[in-house]
Structure formats: C-alpha cells, structure tokens
Amino acid sequence: MRKYLTTAMAIALMSGVSYADLQNVEVNGSLRMRANSLQSVGFDENNSNSSWTEQRTTLGVAADFSEEVSANITLDNYGVWGDLGSSDTDVELHEAYITLGNAIAEFDLKIGRQELELGDEFLVGNNSTASGYDHFSYDGIVATRSTDAFDITLLNLKLDEEDGFDADEVDEDTDLRGVYVTYNGIENHTIDGYVLQLRTGQPGADNDELLTLGARAYGAFGGAFDYEVEFATQSGDMANDTVDYEGDAFTAELGYTFDSNLQPRVYVGVASFSGADDADEAAFNRMFSDHEYSEFLDEGNMTNVLVIRAGVGADVSEKVHLSAVVTQLELDEEILDEDEVGTEIGLYANYQYSEDVAVELGLATFLNGDYIEETVGDDEDDPIYVYAEISLAF
C-alpha cells in the first residue's frame, strides 16, 4: 500500500504546480525482453534444461521547472513471461527525485530515489548488464560538482530502514556514504579515487562497517591503444566482531583498435577478488557491482576468484557488431584442494535495428575445470546458454 500512496502523492504534487512554473515535461520509457535457454543447469547432466523469457518495462516523466529545478518519476515492472501479473512483480516506484542545480557551494543536489553508477560500476552500479536486469535504485542524496579538472560526487544513501518503533525492533539502518573524485586534467587520461563506507547498525554500538578505498585510471595512448586499471582494498569489522574485512580487488584491461573499416578491437584483461585466508577474514565484498564475468557463475557477487580473459570485436556493418570472448576462471583460495574453475567461451551479436530499437544475440558454453568436476561429481556436464534480446527506449 505504501508504494501506491507514494506514487499518488507524487502525481498530486506535480498536478499542484502552476503551468507558469512548469516549463517542460517529457515522457520517457523502455521495453526490454530477453528469451533465455540454459542446458545442464548447475553443471549437472541430470538436471532438466531451463527456458524463460524476462521483461522489464519502464514509464517515466521528467519535468523542468527552471534551469536549476527539475523532477523525475519512473515506474517499472520486472518479471518473467507467464508471471508478470503476480503479486511479486507489481509496478514499483523505481525513481522519484528532485534535482536542484547549484544548490550548496556550487554542488548540484539530486534528492530522492535514483539509479547510481560510480565509474564503470565496478563496485556501485544499477544491475542492468545481463540476465536478471531488474535494476537497482538507491534512496538518499547525491551531490555533484564539476570544474575544468575535477568532478566530485558525494553520497549519503539509505539502503535499509529499521526504524525501531516496534518493541521487538532495533534501530539498525544500512547506509552507504562516500566520496568519488574524478580528475580530467590530463589529455586522453582520467583518474578516479574514492572512499565508500557501507554500515549497518546503531550509532555508538558494534556495527557492521565496511570501508572501501579505491583508485581507477583509464584512457588511450599511441593512437590505437586503450586501457583501464582499478584497485580497491577493504577494511572493517562485521557486527559479531569475529570476522574482519580485509579483501582486495584488482582489474585491468588493455585493448588495441585496428585502423580499418571494421574497426576491430582486440583486448586482454584480468580481474582478481581475494578470498578468505582464514575463518576470521571475509572475502572481498563486491557491494553493488554491475560487472559480470561469467554467464553461468557471476551475478555481480562472484569473489575468491581470478579471471583472465581475451576477446575481439568488430563493426561488420554500420548497424551490426560481432564479438567473442574467452574467459579462464580460477579460485584465489583453493576449495577441496582444487582451484581450476573452468573456461568460458562466449559469442555475441548486436544489431541496431533503428535509433530506438536494438537486438542482441548470445551463445556461451562453460568447459568445467577440476573444481566443478570435484564439486558436482560424475554427473557433471558442460552447460550451454543461449539468449535473444530486443529492447526499445524512447
């Protein structure tokens, strides 16, 4: 009931603004549908194959009241065909925020529920990459300021509210706060630095506190090379005081684009997320990452893993892009005395049907390594995943 009341209040507030104040209104929306087929679910040949079609629909209104004041409201629905009308896939208030330009000390403020992407979403993103793209949004305030050389983002977000009003409840909220700074003062190169605090608990009590410090650099050199590198380290304590956050993460990619009509690009990359050395140490926490390194194993939370990949992509026509990637996955810390997870091969095609409509096809298979074979046993089998997707945005 609360979400319907919130939506009704937002519409009422919008309708109460005089036409003299309201300068411009735009309606926007999107449709995204993906048909999926997965063979050998769970890497087990005895498991039945699975097929499903997922869909996300959005409808939004953006209103400008002046050069400095605007508002945005977006409703969305995510579900699976055959279940789109069920109670757990109702229309939700995905975004509802006010933007105030140059509000405080030349910072712009975005206040309310909003999607958020920091950097290339290595740790904080909107969950839009692969299957299960229900999109994250965050409640709170985001302040941004841009100068000739710097972009500064300040975060104060409420992820979970435990108000403690009932006798059996304790006021233990979950908050995400941070600073993300981007330096643009070097031609063709960009440097980011950030500090993020994820905290659950009560002020002055033993809390679950995760502190993440990181840096990122990306750019181009030599006319044809591009690169990206990012490192993050974590510290802090879990609420029970028996486990410490001490994880590290690293990712890097180097690409080369050939000067030809097809603009082919080849690249190699590596990503590493530390595991737990001891029982009193936690593996690296990927927080709200939108990086997914495997169609079969990763939903943005895969950790204790080393990822090595190589790929190639090319624009075979003005509207068609083809790509292929090979990914090797190994455990950072051995499990069952094994560390080889396996090798994934993916083939992809993107077709820009029109300015508003895009089509994507994908085929991936996973060649099981010793760890998967040891975990599943004699019935292990190499899975295959196929999907076809169409999307429209206006």
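Our structure is the block above this text.
This report concerns the structure included in the present document. (Residues numbered from 1 in each chain as written. Predicted model: local features only at pLDDT ≥ 70, side-chain atom pairs only at ≥ 80, totals over all residues. Heavy atoms only, no water.)

A look at the overall build of the protein chain
Phase 1: Scanning the protein chain from terminus to terminus reveals 2 helices and 20 strands.
Phase 2: Within the protein chain, buried positions represent 35% of all 394 residues.
Phase 3: Sequence separation of at least 24 residues holds for 54% of the intrachain contacts in the protein chain that already meet a minimum separation of 6.
Phase 4: Total accessible area computed for the protein chain in this model is approximately 20,800 Å², and 53% of it derives from carbon and sulfur atoms. (Helix = DSSP H or I, 4+ residues; strand = E, 2+ residues; numbered from the N terminus. Buried < 20%, exposed > 50% of the residue type's maximum accessible area, 1.4 Å probe, protein only. Contact = heavy atoms within 4.5 Å. Areas by Shrake-Rupley, 256 points an atom, 1.4 Å probe, with all protein chains shown as cover.)

Points about empty space enclosed by the protein
Phase 1: Summed over all chains, the structure comprises 1 cavity of 30 Å³ or more.
Phase 2: If you go around the largest cavity, the residues you meet are Leu-118, Gly-119, Asp-120, Glu-121, Phe-122, Leu-123, Val-124, Tyr-180, Tyr-194, Leu-196 and Glu-230.
Phase 3: Split into classes, the residues belonging to the lining of the largest cavity amount to 7 nonpolar, 1 polar and 3 charged. (1 Å grid on protein atoms, 1.4 Å probe; cavity = no way out; pocket = protein on both sides within 12 Å on 5 of 7 lines; lining within 4 Å. Points joined across faces, edges and corners; volume = space filled by probe spheres on them. Nonpolar A, V, L, I, M, F, W, Y, C, P; charged D, E, K, R; others polar.)

So, a nonpolar patch on the surface
Phase 1: Taken together, the side chains of Val-25, Val-27, Leu-31, Leu-59, Val-61, Leu-392 and Phe-394 make up a nonpolar region of the molecular surface, amounting to roughly 570 Å² of accessible area.
Phase 2: Elements represented by at least two residues in the nonpolar patch include exactly strand S1 (24-39) and strand S2 (50-64).
Phase 3: No other element matches the 3 residues that S1 contributes to the nonpolar patch.
Phase 4: Inspection of the secondary structure puts Val-25 in strand S1.
Phase 5: Taking relative accessible area as the criterion, Val-25 reaches 42% and is therefore assigned partly exposed. (Patch = residues over 30% accessible without salt bridge, like charges linked within 9 Å, V, L, I, M, F, W, Y side chains within 5 Å. Salt bridge = Lys/Arg side-chain N within 4 Å of Asp/Glu carboxyl O.)

Structural notes on the pattern of salt bridges
Phase 1: Per the counting criterion, the structure on display carries 16 salt bridges.
Phase 2: Among the ionic pairs, Arg-32 bridges to Glu-389, the shortest N-O distance being 2.9 Å. Of the two residues, Arg-32 is situated in strand S1 and Glu-389 in strand S20 (residues 384-393); the sequence distance between them amounts to 357 residues.
Phase 3: Arg-32 gets classed as buried once you look at its relative accessible area, which sits at 15%.
Phase 4: Its salt-bridge partner being Glu-228, residue Arg-216 comes within 2.9 Å of it at the nearest N-O pair. Of this pair, Arg-216 sits in strand S10 (residues 208-221) while Glu-228 sits in strand S11 (residues 225-237), and the two are 12 residues apart along the sequence.

Spatial relationships are all this shows, so hold off on functional conclusions.
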